[in-house]
Amino acid sequence: MAEPARSTGAATLLLIGAVAAAMFWLGQHSAAEALAATPPAASVVPRAVVARGELAADERNNIDVFKSASPSVVHITTLERAASLFSIDATQVPRGTGTGFMWDDHGHIVTNFHVIQGGNGAAASRFRTTATYSASLVGVFPDRDLAVLRIDAPAAKLKAIAVGQSSNLVVGQKVYAIGNPFGLDQTLTTGIVSALNREIESVTRRPIRGAIQTDAAINPGNSGGPLLDSAGRLIGINTAIYSPSGGSAGIGFAIPVDEVNRIVPRLIRDGRLIRPSLGISAAPPEFNRALGLPAGVAIVEVAPGSTAAEAGLRPFRRSERGVVSGDLITAIDRQPVTTLESMLDQFERRQPGDAVTLQLWRDGAHVELRVRLGQSE
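Residues numbered from 1 in each chain as written. Predicted model: local features only at pLDDT ≥ 70, side-chain atom pairs only at ≥ 80, totals over all residues. Heavy atoms only, no water.

J.: I would appreciate a short explanation of the overall build of the protein in the present structure.
T.: Across its full length, the protein carries 7 helices and 22 strands. When contacts within the protein are restricted to residue pairs at least 6 apart in sequence, long-range pairs at least 24 apart make up 60% of them. Taken as a whole, the protein presents about 20300 Å² of accessible surface, with 57% of it coming from carbon and sulfur. (Helix = DSSP H or I, 4+ residues; strand = E, 2+ residues; numbered from the N terminus. Contact = heavy atoms within 4.5 Å. Areas by Shrake-Rupley, 256 points an atom, 1.4 Å probe, with all protein chains shown as cover.)

As structure tokens, this is what we get:
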């Protein structure tokens, strides 16, 4: 009875061996087929390059704008003095960076005031190459966040930027920004005019009206750089961003070039913007509300010898019987004046010596008075 069992076991061993041999043969055969299917090393070559063809029209324009405007754009590093604990000497060290652009061929550079603020009047400007030049401060107007520097560089470096207009901008037209975001100078970004006539706040808390809103990427370091139209002309100075995160959120603001073109020549000439004045003191808005007066600038003091005194402007004043009515300025050359801020905006568009027509509310009636503007101190 034991013999059949031994025969069964031998048959099982033979079957297992046959299966193993078959699997080995199949494995070897599959490996040989895979090896045969692998292309020889000589056939592993780079793919053929497909011809690109002409660049699209908008790509060519992007390139043209950058080539035209970028030589006028500079990287500004603000310097400040740092005294050593072990020496009476002081050295100049970097404080911050920003962007500027060549205004003319006399070496004047325009940038934001906040770019050079606190830099002891010293800055270094670098062009597209590694050339760096010391810049001196020419003039500032913090109320509009504008500053002018000057460098003494070879004439070949002084390529003035082309100046355009901002009064005829329309929402949707293409714009370009060139600047120095996060220290990456000569960076080009593109976008559109997202909105017009926005209001932003200057470093002095005075409003800057008429700002251009754009979705071109603007980041820290772009400040003071040019915003350009599709013809490569300056239409604004990139100044501020709305950014909950600190980076670009697609909402940037630029000071319109018409404002820049009005102020910069005066900064170059005088070192500051000398506002014309009337020689008056104005009441706060609460004064109008308390007396039930219409919107306007209530005069509460007229300086002796001022143009306002010569023209016969009357201040509101107190008496034993109460408040004696004076003049309320409601418009200048037919442009409405509702607050002191709006009156200052009107003055900034004029120069000392200019004659203006004041529309006044006097004793319950509207009158006009011709006045020549004086010079503020």
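J.: Even after reading the chapter, I still don't get the sheet that holds strand β7 (residues 174–179), so can you show me in this structure?
T.: Taken in spatial order, the 6 strands of this closed barrel run β7-β8-β9-β12-β11-β10, and their pairing is antiparallel. Here the strands of the sheet are splayed against their neighbours by 50° on average, with no regard to which way each runs. Here 3 bridges tie strand β9 (residues 207–214) to strand β12 (residues 252–256), and the two strands are oriented antiparallel to one another. Looking at the pairing, glutamine 213 lines up with phenylalanine 253 of β12. Sitting on the sheet, helix α2 (residues 57–69) touches β7, β8 (187–201) and β10 (226–228), and the angle it makes with β7 is about 40°. (Pairing = 2+ DSSP bridges. Axes fitted to C-alpha atoms, helices over the stretch in contact; angles between N-to-C directions.)

J.: Looking at this structure, how should I read the nonpolar core?
T.: Core analysis: the biggest nonpolar cluster contains 26 residues, and Phe101, Trp103, Val110, Leu146, Leu228, Val260 and Leu267 have the highest contact counts within it. By residue number, the principal contributor to this core is helix α4 (residues 257–270), which donates 5 residues. If we skip the residues at most four places from it in the chain, leucine 146 touches Thr111, Phe113, Val140, Phe141, Ile237, Ile255, Val260, Ile263 and Leu267. Ranked by size, the runner-up nonpolar core spans 18 residues in total, among them Leu278, Val337, Leu360 and Leu369. (Core = buried A, V, L, I, M, F, W, Y, C linked by side-chain atoms within 4.5 Å. Buried < 20%, exposed > 50% of the residue type's maximum accessible area, 1.4 Å probe, protein only.)

J.: Is there a simple way to explain the side chain of threonine 78 in this structure?
T.: Mapped onto the secondary structure, threonine 78 falls in strand β1 (residues 73–83). Polar contacts involving the side chain of threonine 78 include one to the main-chain carbonyl oxygen of valine 115, which spans 2.7 Å. (Polar contact = N/O pair within 3.5 Å; in protein donor to acceptor, adjacent residues only side chain to side chain.)

J.: Looking at this model, I keep getting lost on the pairing of strand β15 (residues 297–302). Mind explaining?
T.: Along any regular strand, the residues point their side chains to alternate faces of the sheet. With 3 bridges connecting them, strand β14 (residues 280–282) and β15 associate as antiparallel partners. Looking at the pairing, alanine 282 lines up with isoleucine 299 of β15. The sheet contact formed by β15 and strand β18 (residues 327–332) spans 2 bridges and is antiparallel. Bridging across to β18, alanine 298 finds its partner in leucine 328.

J.: Sorry, what's going on with the environment of serine 281 here?
T.: Along the chain, the position of serine 281 falls in strand β14. Considering only alpha carbons, one finds serine 281 and proline 315, 34 residues apart in sequence, at a separation of 8.7 Å.

J.: Sorry if this is basic, but what is going on with the environment of alanine 311 here?
T.: Within the secondary structure, alanine 311 is located in helix α6 (residues 307–311). Along the chain, alanine 311 and valine 371 lie 60 residues apart, while their C-alpha atoms are 6.0 Å from each other. Setting aside residues no more than four positions away along its own chain, alanine 311 makes contact with Leu369, Arg370 and Val371.

J.: Looking at this structure, I do not really get α2. What am I missing?
T.: Since the α-helix packs 3.6 residues into each turn, any two residues three or four apart lie on the same face. Given a rise of 1.5 Å per residue, 13 residues ought to cover 18 Å, and the 18 Å separating the end C-alpha atoms of α2 matches this to within 8%. Along α2, the positions that sit buried rather than exposed are Asn62, Val65 and Ala69. What you see down the axis of α2 is that its buried residues fit within an arc of 70°, all on one side. Opposite the packed face of α2, turned more than 90 degrees from it, sit the exposed residues Ala57 and Lys67. (Expected span 1.5 Å × (residues − 1). Arc of directions from axis to C-beta.)

J.: I tried to follow the pattern of salt bridges on my own but got confused; where do I start?
T.: Charged atoms that come close allow side chains of opposite charge to pair. Counting across every chain of the model gives 23 salt bridges. Notably, a salt bridge pairs glutamate 201 with arginine 205, separated by 2.8 Å at the nearest N-O pair. Judged by its relative accessible area of 63%, arginine 205 falls in the exposed class. Here glutamate 348 makes a salt bridge to arginine 206, at a shortest N to O gap of 2.6 Å. Taken together, the positions of glutamate 348 in helix α7 (residues 340–348) and arginine 206 in the loop between β8 and β9 put the pair 142 residues apart, joining distant regions of the chain. Residue classification places glutamate 348 among the buried residues on the basis of a relative accessible area of 0%. (Salt bridge = Lys/Arg side-chain N within 4 Å of Asp/Glu carboxyl O.)

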